[in-house]
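Single-letter residue listing:
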Amino acid sequence: MATTVQATQPNSNAIANVNTVKSQNLIAQMYPRSRFDATRTRPFIDEMILLHMQMVDAAQRAMQSSDTEIKKMAEETMKFSNARINSLMEMRRSFLENPDKG
């Protein structure tokens, strides 16, 4: 019999299955048939830009920490994420200018 805590905990196998499906969808989006397949590429690029912006926001909040290791990770995250945002924005511009190019 499950305790109250166990009953409220999600099934780890179900979570793993959902995560596997999400990963497979992301891989399919990352490697579409055409580099600029509008049904997959643009939504993926937009989602990744948003994700990296959220990472920068979280890292900025982490910079308030007194822990030097946290600050170091936050700085690295901001540097990486900002570079990735710039790269993704360039891909998005290219996609919008040449949607059939691939």
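Structure shown above.
Attention in this report is confined to the structure presented alongside it. (Residues numbered from 1 in each chain as written. Predicted model: local features only at pLDDT ≥ 70, side-chain atom pairs only at ≥ 80, totals over all residues. Heavy atoms only, no water.)

Description of a negative patch on the surface
Piece 1. Together, Asp67, Glu69, Glu75 and Glu76 line one region of the surface with negative charge.
Piece 2. Tracing the sequence through the fold places glutamate 75 in helix 4 (residues 68-97).
Piece 3. Looking at glutamate 75, the relative accessible area reads 45%, which means it is partly exposed. (Patch = residues over 30% accessible without salt bridge, like charges linked within 9 Å, V, L, I, M, F, W, Y side chains within 5 Å. Areas by Shrake-Rupley, 256 points an atom, 1.4 Å probe, with all protein chains shown as cover. Salt bridge = Lys/Arg side-chain N within 4 Å of Asp/Glu carboxyl O. Lys, Arg positive; Asp, Glu negative; His and termini not counted. Charge placed at Lys NZ, Arg CZ, Asp CG, Glu CD. Helix = DSSP H or I, 4+ residues; strand = E, 2+ residues; numbered from the N terminus. Buried < 20%, exposed > 50% of the residue type's maximum accessible area, 1.4 Å probe, protein only.)

Regarding helix 4
Piece 1. The terminal C-alpha atoms of helix 4 lie 43 Å apart, and with 30 residues this matches the ideal 44 Å at 1.5 Å per residue to within 8%.
Piece 2. For helix 4, the set of buried residues is Ala74, Met78, Ser81, Ile85, Leu88 and Phe95.
Piece 3. Buried positions along helix 4 lie against helix 3 (41-62).
Piece 4. With a side-chain oxygen positioned 2.7 Å from the backbone nitrogen of glutamate 69, the residue opening helix 4 is aspartate 67. (Expected span 1.5 Å × (residues − 1). Contact = heavy atoms within 4.5 Å. Polar contact = N/O pair within 3.5 Å; in protein donor to acceptor, adjacent residues only side chain to side chain.)

Re the environment of serine 81
Piece 1. Within the element layout of this structure, serine 81 appears in helix 4.
Piece 2. Each C-alpha atom of the pair serine 81 and alanine 59 lies 9.7 Å from the other, and the pair is 22 residues apart in sequence.

Here we look at the nonpolar core
Piece 1. Judged by nonpolar contacts, Val56, Ala59, Ala74, Met78 and Ile85 together constitute the single largest core of five residues.
Piece 2. Ranked by residues supplied to this core, first place goes to helix 4 with three residues.
Piece 3. With residues near it in sequence (within four places) discarded, alanine 74 still touches Ala59, Ala62 and Met63. (Core = buried A, V, L, I, M, F, W, Y, C linked by side-chain atoms within 4.5 Å.)

Considering the environment of aspartate 46
Piece 1. Assignment of secondary structure puts aspartate 46 in helix 3.
Piece 2. Note on aspartate 46: relative accessible area 28%, which makes it partly exposed.
Piece 3. For the pair aspartate 46 and methionine 89, spaced 43 residues apart in the sequence, the C-alpha separation amounts to 8.6 Å.

Quick notes on the pattern of salt bridges
Piece 1. According to the stated counting rule, one finds two salt bridges in the structure shown.
Piece 2. The salt bridge involving arginine 92 is made with aspartate 46; its shortest N-O contact spans 2.4 Å. Linking arginine 92 in helix 4 with aspartate 46 in helix 3, this pair joins segments that are 46 residues apart in sequence.
Piece 3. We note a salt bridge from arginine 93 to glutamate 90, for which the minimum N-O separation is 3.2 Å. Residue arginine 93 and its partner glutamate 90 are both found in helix 4; the two are separated by three residues, about one turn of the helix.
Piece 4. Looking at glutamate 90, the relative accessible area reads 46%, which means it is partly exposed.

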